[in-house]
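Here's the letter readout for the chains.
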Amino acid sequence: MYRTILFIVLSCLFWHPFGFTQSSSTAELITDYQSFTKISHGIEIKTGNALVQLFCYSPDIIRVKVVKGIPQPDFSYAVIREPESYFHTINETADQILLQTSALTVRVRKDPFRISFFTPDNQLLSEEFTDFGVTWLGDEVSCHRTLFPDEKFIGLGEKTGPLNRRGNAYVNWNRDIPAYSDREDPLYQSIPFFIGIHDSLTYGIFLDNSYKSLFNFGASTDDLFSFFSAENGELDYYFFGKGTVAGIIEDYTWLTGRMTMPPYWSLGYQQCRWGYYPESEVMSLARKFREKQIPCDVIYFDIDYMDQYKIFTWNSERFPNPKKMITTLNDMGFHAVVIVDPGIKIESGYTAYDQGIANDYFLKYPGGRLYTGSVWPGRCHFPDFTKPATRTWWGEGFISLAGVGVEGFWNDMNEPSAWGQSIPDMVEFNFDGHSTTMAEGHNIYGLEMSRATFEGTKKLLQGKRPFVLTRAGFSGIQRYSAVWSGDNSSTEDDLLQGVRLTTSMGLSGVSFTGPDIGGFIGTPSKSLFLRWLSVGVFTPFLRNHSEVNSRDQEPWSFGEDAEQLSRSMIDLRYRLLPYLYSMFYASATSGLPVARSLAIDYTFNPLVYDWRFQNQYLFGDAFLVAPVSSDQKFQKVYLPPGTWYRYSSDEFYSGNSIVIVDAPLNDLPVFVKGGSILPLQSVIQYTGQSPDSIMEIHFYNGNDGSEFLYYEDDGITYRYEDGEYFKRLILFDPKTRMIRFSRAEGDYRSKFTAFKLLFHGFESSVSNRTIDNKLAEFQISF
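Conventions used here
Residues numbered from 1 in each chain as written. Predicted model: local features only at pLDDT ≥ 70, side-chain atom pairs only at ≥ 80, totals over all residues. Heavy atoms only, no water. Helix = DSSP H or I, 4+ residues; strand = E, 2+ residues; numbered from the N terminus. Rg over C-alpha atoms; globule rule 2.2 N^0.38 Å. Buried < 20%, exposed > 50% of the residue type's maximum accessible area, 1.4 Å probe, protein only. Contact = heavy atoms within 4.5 Å. Lys, Arg positive; Asp, Glu negative; His and termini not counted. Charge placed at Lys NZ, Arg CZ, Asp CG, Glu CD. Salt bridge = Lys/Arg side-chain N within 4 Å of Asp/Glu carboxyl O. Phe/Tyr/Trp six-rings, centres within 6.5 Å; stacked < 30°, edge-to-face > 60°. Arc of directions from axis to C-beta. Disulfide = S-S within 2.5 Å. Pairing = 2+ DSSP bridges. Axes fitted to C-alpha atoms, helices over the stretch in contact; angles between N-to-C directions. Polar contact = N/O pair within 3.5 Å; in protein donor to acceptor, adjacent residues only side chain to side chain.

Peer 1: Sorry if this is basic, but what is going on with the overall build of the protein here?
Peer 2: Along the protein, the regular secondary structure elements total 14 helices and 53 strands. Taken over the C-alpha trace, the protein has a radius of gyration of 27 Å; the compact-globule value for 782 residues is 28 Å, and the two agree within 12%. Once the C-alpha set of the protein is aligned to its principal axes, its extents read approximately 85 × 70 × 50 Å. Burial status across the protein gives 63% buried among its 782 residues. Counting only contacts in the protein whose residues sit at least 6 apart along the sequence, the fraction spanning at least 24 positions is 67%. Here the protein contributes 69 positive and 92 negative side-chain charges, whose respective centroids are spaced 3 Å apart.

Peer 1: Explanation requested: the pattern of salt bridges in the structure shown.
Peer 2: Pairing of side chains with opposite charge becomes possible as their charged atoms draw close. Within the structure shown, the criterion is met by 40 salt bridges. Arginine 465 is the salt-bridge partner of aspartate 713, the closest N and O atoms lying 3.1 Å from each other. Residue aspartate 713 is located in the loop between β48 (706-712) and β49 (726-733), and its partner arginine 465 is located in the loop between α9 (445-460) and β32 (467-470); the two are separated by 248 residues in the primary sequence. Grouping residues by exposure puts aspartate 713 and arginine 465 together as buried. Between glutamate 696 and arginine 575 there is a salt bridge, with its nearest N and O atoms 3.4 Å apart.

Peer 1: How should I be thinking about the environment of threonine 135 in this particular structure?
Peer 2: Residue placement: threonine 135 occurs in strand β13 (residues 134-137). Taking the C-alpha atoms as reference, threonine 135 lies 5.9 Å from isoleucine 30; in sequence the two are 105 residues apart. When near neighbours in sequence (up to four residues on either side) are disregarded, threonine 135 contacts Glu28, Leu29, Glu140, Val141, Ser142 and His144.

Peer 1: Got a minute to help me understand unusual backbone geometry in this structure?
Peer 2: Peptide bonds are mostly trans, and most non-glycine residues show a negative phi. Following aspartate 111, the chain continues into proline 112 via a peptide bond in cis, with omega recorded as -5°. Mapped onto the fold, proline 112 is located in the loop between β10 (105-109) and β11 (114-118). A positive phi angle is found at aspartate 199, which is not glycine, with a value near 50°. As for its placement among the helices and strands, aspartate 199 is situated in the loop between β18 (193-198) and β19 (201-207). Phi is positive for aspartate 432, which is not a glycine, with a value near 50°.

Peer 1: Can you walk me through the packing of aromatic side chains in this structure?
Peer 2: Where two aromatic rings form a pair, the distance of their centres and the angle of their planes describe that pair. Scanning the model with the defined rule gives 81 aromatic pairs in all. Centre to centre, the rings of tryptophan 274 and tryptophan 376 are 5.5 Å apart; their planes meet at 70°, and the pair counts as edge-to-face. In this pair, tryptophan 274 is assigned in the loop between β23 (270-271) and α3 (279-292) and tryptophan 376 in the loop between β27 (373-375) and β28 (378-381), connecting sequence segments 102 residues apart. Looking at tryptophan 274, the relative accessible area reads 19%, which means it is buried.

Peer 1: Please explain helix α5 (residues 351-359) as it appears in this structure.
Peer 2: Two residues of an α-helix separated by three or four positions point the same way, owing to the 3.6 residues in each turn. The set of residues buried in α5 consists of Ala352, Tyr353 and Gly356. Projection of α5 onto a plane perpendicular to its axis shows the buried side chains occupying an angular sector of 100°, all on one side. Lining the buried residues of α5 we find β26 (344-345), β28 and α6 (388-397). Phi turns positive, to about 60°, at aspartate 360, one or two residues after α5.

Peer 1: Explanation requested: the state of the cysteines in the structure shown.
Peer 2: What makes a disulfide is a covalent bond joining the sulfur atoms belonging to two cysteines. One pass over the full model with this rule turns up 0 disulfides. In this model cysteine 56 remains outside any disulfide bridge; the closest cysteine sulfur is found in cysteine 143, 19 Å from its own.

Peer 1: Whenever I open this one, the environment of arginine 596 confuses me. Can you help?
Peer 2: Note on placement: arginine 596 falls in strand β38 (residues 595-597). You can call arginine 596 buried: its relative accessible area is 10%. Each C-alpha atom of the pair arginine 596 and leucine 507 lies 7.4 Å from the other, and the pair is 89 residues apart in sequence.

Peer 1: I keep staring at the sheet that holds β23 and nothing clicks. Help me out?
Peer 2: Sheets are built from strands that pair by backbone hydrogen bonding, the pairs being arranged parallel or antiparallel. One open sheet accounts for 9 strands, arranged β35-β34-β32-β29-β25-β24-β23-β37-β36; its pairing is parallel. The open sheet terminates on both sides in strands that have one partner only, identified here as β35 (513-514) and β36 (516-517). Of the pairings in the sheet, the one linking strand β24 (residues 298-301) to strand β25 (residues 335-340) comprises 4 bridges and is parallel in character. Considered in β25, the bridge of tyrosine 300 is made with valine 337. Contacts from α9 reach β25, β29 (408-411) and β32, with the element oriented near 165° to β32.

Peer 1: Honestly, the sheet that holds strand β22 (residues 235-240) in this entry has me stumped. Any pointers?
Peer 2: Pairing within the open sheet is antiparallel, and its 8 strands lie in the order β4-β5-β6-β7-β22-β19-β18-β15. Edge positions in the sheet fall to β4 (33-39) and β15 (152-155), since each of these pairs with one other strand and no more. Strand-to-strand twist of the sheet, defined as the mean angle between neighbouring strand axes without regard to direction, takes the value 20°. Sheet topology places strand β7 (residues 61-67) next to β22; 6 bridges connect them, and they run antiparallel. Across the sheet, residue arginine 63 finds its bridge partner in β22, namely tyrosine 238. Where helix α2 (residues 245-256) meets the sheet, its contacts fall on β6 (51-58), β7, β15, β18, β19 and β22, and the angle it forms with β19 comes to roughly 20°.

Peer 1: Explain the side chain of asparagine 443 to me, please; I cannot follow it from the model alone.
Peer 2: For asparagine 443, the position within the fold is in the loop between α8 (438-441) and α9. Look at asparagine 443 and you get buried, because its relative accessible area is 0%. Among the polar contacts listed, one links the side chain of asparagine 443 to the backbone oxygen of asparagine 172, at a separation of 3.3 Å. A distance of 3.5 Å separates polar atoms of two side chains, one belonging to asparagine 443 and the other to serine 190.

Spatial relationships are all this shows, so hold off on functional conclusions.
Right, dumping it as structure tokens:
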């Protein structure tokens, strides 16, 4: 009997539709073409040892799936779309199959079997390497691609190192890695999506495989080829052929989803520390912000708010009446965000534990033994967030938090992390009915925990938008959560590295992101804190966070002069909110990031990738930010083509030039592009406070005009999805001296009754003016 079972098991492991195979210590190449058939939205090709499927998702997006063995049912946590288009031409000749859309041509060479992608005018975008394209080494599958002489690679999410990934290799395997260096890899997120650039062409590739993967962009390959590989599973990738980096990001986020509008308050300044307790310390902190008139919207509660670090509990000694406390904070204009970790303490009588045991919600070994690991509460079991019932249960558990007024939920330790950092691969996952193991589920864990948190708290908040923050994730995380870049350090290198992590995440579809201001681990100097805060003002996610037993890091903690300067910096953030919220709306609708690497708008300019300028980025449409370490008093800045103005002084600069500018601590080098439209409001202490009814709109002279889509809604609910918003397009042509306001759209009444128009870079005869915020379309000459 046992021999029979063993034979069946081995047969299942090594059988595939084209006969038997044997495991081998040498690489196996995909063999030559045999036949093809047309299938819905694409074709299926049979080679000597694999099935290859090509699907047309849109004219610019082609999916390639290579299967050696039995094809698995289609299932993805990252992709939310189905094919929506067709190849308009499928032609077979003696040596190739030619597939065409309006935007791409795919050539499938038969012998040797290779797939190449071309533009409609026959320019080669990307091709499998001639000597070896797809290969297998045991269970590992790889795709090797020709490396072009001038090819650059950008993206891949939360990765350290330079903007241009060429010459480097990266692993995707979510990892808890505190105090990471500027070359540390991997970190907390896995986003296997990159953009290739060569010969004035662009393309993108997303590998939809959550096993541990490797992306080698010409590291130690003699500049012949690049490759990506996964330790197991199918080779399943999407090829993006849009002709711009921006277009590729839009297509990638169409495929994997975009963020919904976050709560307005989450764009304000956020104060965090491990840990603020007891209640008296939290209330003292809140009062101090208001007394000192330093704007702030969020106060965080780290692990010490819980009873013995148990999720969904409060420490009754430290926080005897959390609902009353949070109501008081709300009355002062603050919102509460609490940390949540996945580990469930093994303790009979603890509700979350008892429910998890009774309903089979926890991860298990083969045979049924529950996986146990140690984290903050001690010995713990871990929810299987890939099981629908577990996600529902987890979401409902937030009633103990949302029910007392918490509106923000900070997902930590969800790589998943356990002391020792090595959870066995054999641990089993439900995977929404597609049973698998930790080897495939590990990188998905943070994504699905964030999903469960978002979906559950959205229901519990009854129409309010929850704020969800996560440390770990996978492609598609932008649908559920903001992301912070983990446990950084208080160093100059971390300041600049945090900028690149933010813009790299933006290149990878994640817009609401940023590092801990000042650094979580260590003690920043006064100058480092101030410089970091000045950069943070121009970062989508603005949170000051520090570790336990470190010195105080609140804005008033570095002396009166630093307090005054911090206040002015945070004031600016709140002045920028009309602009910033509109940029978030643009990101939610297009997928383009708020903090944009210059590689998006100036893709083929080599100076963008120069180590001296790779930290520069655009903050929305108007600003160029040039981060600089706190010990530098001057900075060399590359200004792209156009005209530019130093934001602090209106000093004019011609573009396409390298300039040396002052960089004092009170004046980060920030520039406004000529032709820009910049809406600002008066300073407020928190986002729930009404600004002055007159909004300033600044217009900067330039060679080219621009348009700005101003957006506003209640910032709290999802009623904007039903048309309750205020939206209008503003068009500006400096050459003809014309400004046009389109008719206002939506059912929401703007908080601003009038606009004050201010002009920069024009002759003195052009004067500022105030106009009513009329709903109808109107035009102004100046």
